[in-house]
Amino acid sequence: MTDLFAAARALVEPSKGLLAADESTPTAAKRLAAYGIASSPELRRQFRDLFLSMEGVERYLSGVILYEETFAQKGSDGKLFPDSLEARGIAPGIKVDEGTEPFPGSAEELITKGLVGLPERLAAFKKGGAVFTKWRAVIRIEGDALPTAAAVLENAKRLASYAKEAQVAGLVPIVEPEVLLAGKHSRARSQAVIQETLATLFSALAAQGVDLGGLLLKTAMARSGDASAHKDASEEVAAATLEALVASVPREVAGIVFLSGGESPDEATANLAAITREARRVEAPWPLTFSYARALQEEALALWKGKAENVEAARAAFRARLEKVQAALVSSP
Ligand code: 13P
């Protein structure tokens with residue numbers, strides 16, 4: 001367990017964060033299509049290489065979450081991506097859930113699958129050099145009707161079973177119950193749903209005997225839905241987010257990382273800066289950092305367009321965003 005503790009702590013070392021480069025094949029195709037880029041195994045390899053092989057990326061990233069296709073591909077240095085990351089001091093991680101399925105108890109809600117055969121897959125990824133893993137559940141807010149307690153509970157139980165298996169396999173689990181930004185809900189509703197979801201999750205983790213010192217939480221920020229008329233200030237997001245976390249996350253948890261969830265790169269950066277300031281003010285017990293996919297990659301993808309001649313400009317945009325996000329971790333009032 002001491003190895004797991006050290007690995008979990010290293011992922012949240014000061015002024016570094018995670019890149020979530022674990023879009024599934026259909027999601028990667030959607031992200032690429034948004035910029036007119038076709039999707040194929042080779043183009044997805046180039047998409048990953050754009051970010052993972054950037055010179056000096058280890059100054060900003062403690063870890064990268066990979067998808068299984070990428071885990072078995074090679075970067076422009078001729079090394080398998082996990083080996084290449086490891087050689088530069090970046091921990092390779094792997095998404096191990098297998099996406100969602102409709103929840104039988106409530107047709108409009110989704111439950112994450114992937115527990116069947118999980119121990120074997122975890123062992124194979126560990127052998128391939130993975131240090132940590134991720135499992136994502138999605139929680140949708142719809143007025144007061146959704147989420148249902150039953151869907152939150154079922155997702156929490158599966159997250160906890162996964163986390164236990166990951167620790168048994170010697171891999172750090174990142175549990176990600178993503179409360180979605182989509183919707184008309186208020187910031188207060190988002191805060192309440194995050195708090196309730198996390199309370200349910202931490203009960204399930206305790207029931208499974210998961211060691212919280214060797215686990216990271218990945219969460220959304222508490223904020224008004226993207227279809228709400230209200231535009232939150234970063235300070236409001238930060239206060240609501242910290243209130244939800246302080247009320248529901250045990251202090252033993254090794255660290256908390258945030259997803260960007262569809263926030264623009266600037267919004268995700270400004271909100272992270274406000275959250276780190278608020279965390280210092282309330283003396284939050286856990287290290288906090290980013291684990292963004294879209295907010296780190298969007299600007300670079302728009303420039304890259306799938307063309308070798310644009311790689312340099314795209315990487316410059318990626319580096320500029322990493323600089324800003326890193327600065328957000330140490331910003332003062
Ligand atoms: P976004 O930052 O794009 O929300 O992605 C993070 C992630 O890992 C979602 O599962």
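Residues numbered from 1 in each chain as written. Predicted model: local features only at pLDDT ≥ 70, side-chain atom pairs only at ≥ 80, totals over all residues. Heavy atoms only, no water.

## Here's the deal with the site of the ligand
In the neighbourhood of the ligand, 14 residues make up the surrounding shell, with Lys134, Lys218, Ser260, Gly261 and Arg294 lying closest. Here an oxygen atom of the ligand sits 2.8 Å away from a polar atom, N or O, in the side chain of Lys134. For the ligand, an oxygen atom lies 3.2 Å from a polar atom in the side chain of Arg136. Coverage of the ligand by the protein amounts to 94% of the 300 Å² it exposes when considered alone. Going through the elements one at a time, β6 (132-139), β7 (172-179) and β10 (288-292) are the ones with two or more residues in the shell around the ligand. (Near = heavy atom within 4 Å. Polar contact = N/O pair within 3.5 Å; in protein donor to acceptor, adjacent residues only side chain to side chain. Areas by Shrake-Rupley, 256 points an atom, 1.4 Å probe, with all protein chains shown as cover. Helix = DSSP H or I, 4+ residues; strand = E, 2+ residues; numbered from the N terminus.)

## Focus: the packing of helix α3 (residues 41-52) against helix α12 (residues 311-329)
The description of two packed helices rests on the angle between their axes and on the distance between the axes. In contact at an axis separation of 9 Å, α3 and α12 are set at 55° when each is read in the N-to-C sense. Judged on the interaxial angle alone, α12 and α3 are oblique. Considering only the axes of α3 and α12, their crossing is right-handed. Packed against α3, whose contacting residues are Asp49, Leu50 and Phe51, the element α12 presents Val311, Ala314, Arg315 and Phe318 at the interface. (Axes fitted to C-alpha atoms, helices over the stretch in contact; angles between N-to-C directions. Parallel < 35°, antiparallel > 145°, perpendicular 65-115°, else oblique. Left-handed = near helix turned anticlockwise from the far one by under 90°. Contact = heavy atoms within 4.5 Å.)

## Quick look at the pairing of β10
Within β10, 5 of the 5 residues are buried, which leaves it mostly tucked inside the rest of the structure. Residues Leu288, Phe290 and Tyr292 of β10 are buried on one face, and the alternating residues Thr289 and Ser291, pointing to the opposite face, are buried as well. Examined bridge by bridge, strand β1 (residues 17-21) and β10 share 2 bridges and lie parallel to one another. Its bridge partner lying in β10, Leu18 is registered against Ser291. (Buried < 20%, exposed > 50% of the residue type's maximum accessible area, 1.4 Å probe, protein only. Pairing = 2+ DSSP bridges.)

## Overview of unusual backbone geometry
A cis amide bond links Leu146 to the next residue, Pro147, at an omega of 5°. Looking at the secondary structure, you find Pro147 in the loop between β6 and α7 (149-168). One non-glycine residue, Glu283, adopts positive backbone phi at about 55°. Within the fold, Glu283 resides in the loop between α10 (265-281) and β10. Classification of Glu283 as exposed rests on a relative accessible area of 67%.

## What about the side chain of Ser224?
Mapped onto the elements, Ser224 comes out in the loop between β8 (216-219) and α9 (234-248). With a relative accessible area of 2%, Ser224 lands in the buried category. A distance of 3.5 Å separates a polar atom in the side chain of Ser224 from the backbone nitrogen of Arg187. Setting aside its immediate chain neighbours within four residues, Ser224 contacts Leu181, His185, Ser186, Arg187, His230 and Asp232.

## Some points on the pairing of strand β3 (residues 91-95)
In terms of burial, β3 is largely enclosed, as 5 of its 5 residues are buried. Of the two faces of β3, both are covered, the one formed by Ala91, Gly93 and Lys95 as well as the one formed by Pro92 and Ile94. One ladder, built from 4 bridges, connects strand β2 (residues 61-66) with β3; its direction is parallel. Among the inter-strand pairings, Gly63 is bridged to a residue of β3, identified as Ala91.

## Thoughts on the environment of Thr70
Mapping Thr70 onto the fold places it in helix α4 (residues 68-71). What makes Thr70 buried here is its relative accessible area of 0%. Thr70 sits 11 residues away from Phe81 along the chain, and the two C-alpha atoms are 7.0 Å apart. When neighbours within four sequence positions are excluded, Thr70 is seen to be in contact with Arg48 and Phe81. Reaching out from Thr70, the side chain makes a polar contact with the side chain of Arg48 at a distance of 3.1 Å.

## Structural notes on the side chain of Ser228
Structurally, Ser228 is set in the loop between β8 and α9. The exposure class assigned to Ser228 is buried, which follows from its relative accessible area of 18%. For Ser228, the side chain forms a polar contact with the main-chain nitrogen of His230, separated by 2.9 Å. Not counting chain neighbours up to four residues away, the residues in contact with Ser228 comprise Gly183, Lys184 and His185.

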